[in-house]
Structure formats: C-alpha cells, structure tokens
Amino acid sequence: MTRATDATQTEAPADDAVRAYFLPLGAVSDGYDRLLATESTTSVWASTMQHGAPPSALLARAVELCEPRADARIARLTMEILGPIPVAEIDVRAWIERPGRRVELVAAELASIQPDGSRRVVATARAWRIGTSDTEAVAWAGDRALPPVPELDAIDWEFPPGWDVGYVKTVDMRPVSDAGGARRVWVRPRGVVVEGEEISPLVRVFSVADVANGVGARLDPAQYTFLNTDLTVDLYRLPVGEWIGLAVETSIGPDGVGMCATELYDERGPIGRVLQILEVRARG
C-alpha cells in the first residue's frame, strides 16, 4: 500500500508555500504507514482538527493502493468519522476485507498516535471495488448539466467570517448560479494530498468532496455548528481533468439531524453523488 519514503521528520517545514496535506514519514508497525498532517489540513471548526476532505482523500489513496487491479476500480467509498482527526502524525492502513473476482470490499482506517504511543482509530472506510467492462455503447447520465467553470474575475465568492483558513485556503472555488434549490460550485485542489505524489482521479474527488457541507450550508456558522459524521461517494465514472463540480442541496430536520446531498461533475458531465449526515446544534 505504501508510497511513503523512509523519512523520519516529525515537524512540518516552515515554508508557507507547501500545500501538501500530508508529509510521508515511512512504514511503521502492523502494516501502517505514518504521515504528518500539515496546517493545510486544518478545519474551519477548530485549529487542532482536520477538515474532512484531506483524511477522506488519504483513505481513498489507501484503498486504491491496496492490491490494485487493472480490471477493477473503486466505485463507492464510505468514510465514518469516529472523532476529531488531529493535525498531527497519523497512521493509515488498508486491507481486503472481502475478496472477489468481480466485486470486492476494501477497508481502511486512520489512527492517531496517543501520548503513550498507542493508536486510536479516528476514521474508517469501506470501499467497493467493481470489475470493469466495456459499456461505452450504453453509457448514459441522468443528472442535469452544470454550467462551465467561470473565469476568476467573473465570480463573487465570500467565505463566512473565520472560514478562510487551513484547508479552505488550499482549494480554488468558483460558484455558478444556483438552480432548483441547489448551490453549485466548481472546486479544484491547488496542491497535492501526499508530498511528492500526483493526485489520481479517485483521490482528486475525495480531496474536495467534503466541502459540499460548507457549500450547501443553510445555517449561519456563527449561530450553529453542522459537522458531518460521515461521507459517502458513489462514482459511476471517474473524473477527467482538474475541476470537480458540486450541486449541493442541504436539508435540516426538526431534531438536530441534517442531510447534505450532492451531484458530482467533471467538465465532461455528471460522475456520481455524495451524501453526508449532519449533526446540527445551536451554539451557546
């Protein structure tokens, strides 16, 4: 699974231009790789925890690298967030949970390092890897079209106060007109997930998919918190190019639970869906 080097550094470089979310520290015990999360992973909710996008991208990378096959690809991945994921050293591993010739289940986990050196699992993933075949003759997409990526000087985009920090500063967001209740935006990462590696099409999706909750927010973050407990991404087509489009609709229930549902795009058209469940709470 590893792409890591044998480096042993434990502090991030001081260079503000470094945009990698994670610095590889090498393989450690029990099949884990260790990486250092940089400040580029920081959440808008707290400076000590990661935004959901970088760790989900790291889990996607792990399952993609786990016994990869030329005749199959990851079509669905669900991340469960078990607690705050610290901006610190993090261990990741992946394994085949249910092997299969045409369909197999790949699992992965992220673990934080405790003061006594033990691990605490802070996020897990389960991903279905599906055997591929030629269905070009019957390929079809049912989702509505998304307008093209606007030029930078044609957009009017402002983050809520205090949100232009950490991870949010590492992505290029360009909104387009809302439609049918959905908030629509094109997003691309400005850097890489792991230092020294190119982003694969799968990992590119996960490097931005978790922003859907923020893009589709219907509540004032100064008055409410609305953290997602999970992230599920279904991809019937892998993206082409650097831009990922999101058309986001958020619903808030009467008892503190919300749902964020998102259509995914690349510049050629629809590619899949995202679903997030939200824990909604009034501040104070």
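The structure under discussion appears in the preceding block.
Here we summarise the structure given alongside this text.

Here we come to unusual backbone geometry. Here aspartate 30, not a glycine, exhibits a phi torsion of approximately 60°, which is positive. The residue aspartate 30 is located in the loop between strand S1 (22-27) and strand S2 (33-37) in this model. For aspartate 30, a relative accessible area of 55% gives the class exposed. Even without being glycine, glutamate 67 reaches a positive phi, approximately 45°. Along the chain, glutamate 67 falls in the loop between helix H1 (53-65) and strand S3 (72-81).

A separate point is the packing of aromatic side chains. Applying the stated criterion across every chain yields a total of two aromatic pairs. Look at tyrosine 21 and tyrosine 167: their rings are 5.6 Å apart centre to centre, the planes differ by 45°, and that puts the pair in the tilted class. On the criterion of sequence distance, the pair formed by tyrosine 21 in the segment before S1 and tyrosine 167 in the loop between strand S6 (119-131) and strand S7 (171-179) is long-range, its members being 146 residues apart. There is no split in this pair, since tyrosine 21 and tyrosine 167 are both buried. With a centroid separation of 5.2 Å and 90° between ring planes, the pair formed by tryptophan 45 and phenylalanine 226 is classed as edge-to-face. Placement of tryptophan 45 in the loop between S2 and H1 and of phenylalanine 226 in strand S9 (residues 224-228) is noted, with a sequence separation of 181 residues between them. In this structure tryptophan 45 comes out as partly exposed when scored by relative accessible area, which is 24%.

Within the fold, serine 112 resides in strand S5 (residues 103-113). Take serine 112: its relative accessible area is 5%, and that puts it in the buried class. Along the chain, serine 112 and aspartate 91 lie 21 residues apart, while their C-alpha atoms are 6.4 Å from each other. Every residue in contact with serine 112, bar those within four places of it in the chain, is listed here: Pro86, Glu89, Ile90, Ser118, Arg119, Arg120 and Val122. A polar contact of 2.9 Å, which involves the side chain of serine 112, links it to the side chain of glutamine 114.

As a further point, take the pattern of salt bridges. Side-chain pairing between opposite charges can occur once the charged atoms of the two side chains come close. The final tally for this structure, using the stated rule, is 19 salt bridges. With a closest N to O distance of 2.7 Å, arginine 34 and aspartate 91 form a salt bridge. Placement of arginine 34 in strand S2 and of aspartate 91 in strand S4 (residues 89-98) is noted, with a sequence separation of 57 residues between them. Residue class for aspartate 91 comes out buried when judged on its relative accessible area of 0%. Connected via shared salt-bridge partners are Asp30, Arg34, Glu89, Asp91 and Arg119.

Let us now look at the environment of valine 149. With respect to the element layout, valine 149 can be found in the loop between S6 and S7. Sequence separation of valine 149 and proline 175 is 26 residues, and the distance between their C-alpha atoms is 8.2 Å. Contact partners of valine 149, with chain neighbours within four places excluded, come to Arg174, Trp186, Trp243 and Glu267.

In this section: H1. Taking 1.5 Å of rise per residue, 13 residues should cover 18 Å, and H1 covers 18 Å from first to last C-alpha, within 8% of that figure. Taken across its 13 residues, H1 has 12 buried, putting it largely inside the fold. Among all positions in H1, only Ala53, Pro54, Pro55, Ser56, Ala57, Leu58, Leu59, Ala60, Arg61, Ala62, Val63 and Leu65 are buried. Downstream of H1 by one or two residues, glutamate 67 has phi in the positive range, about 45°.

Criteria and thresholds
- Residues numbered from 1 in each chain as written.
- Predicted model: local features only at pLDDT ≥ 70, side-chain atom pairs only at ≥ 80, totals over all residues.
- Heavy atoms only, no water.
- Helix = DSSP H or I, 4+ residues; strand = E, 2+ residues; numbered from the N terminus.
- Buried < 20%, exposed > 50% of the residue type's maximum accessible area, 1.4 Å probe, protein only.
- Phe/Tyr/Trp six-rings, centres within 6.5 Å; stacked < 30°, edge-to-face > 60°.
- Contact = heavy atoms within 4.5 Å.
- Polar contact = N/O pair within 3.5 Å; in protein donor to acceptor, adjacent residues only side chain to side chain.
- Salt bridge = Lys/Arg side-chain N within 4 Å of Asp/Glu carboxyl O.
- Expected span 1.5 Å × (residues − 1).

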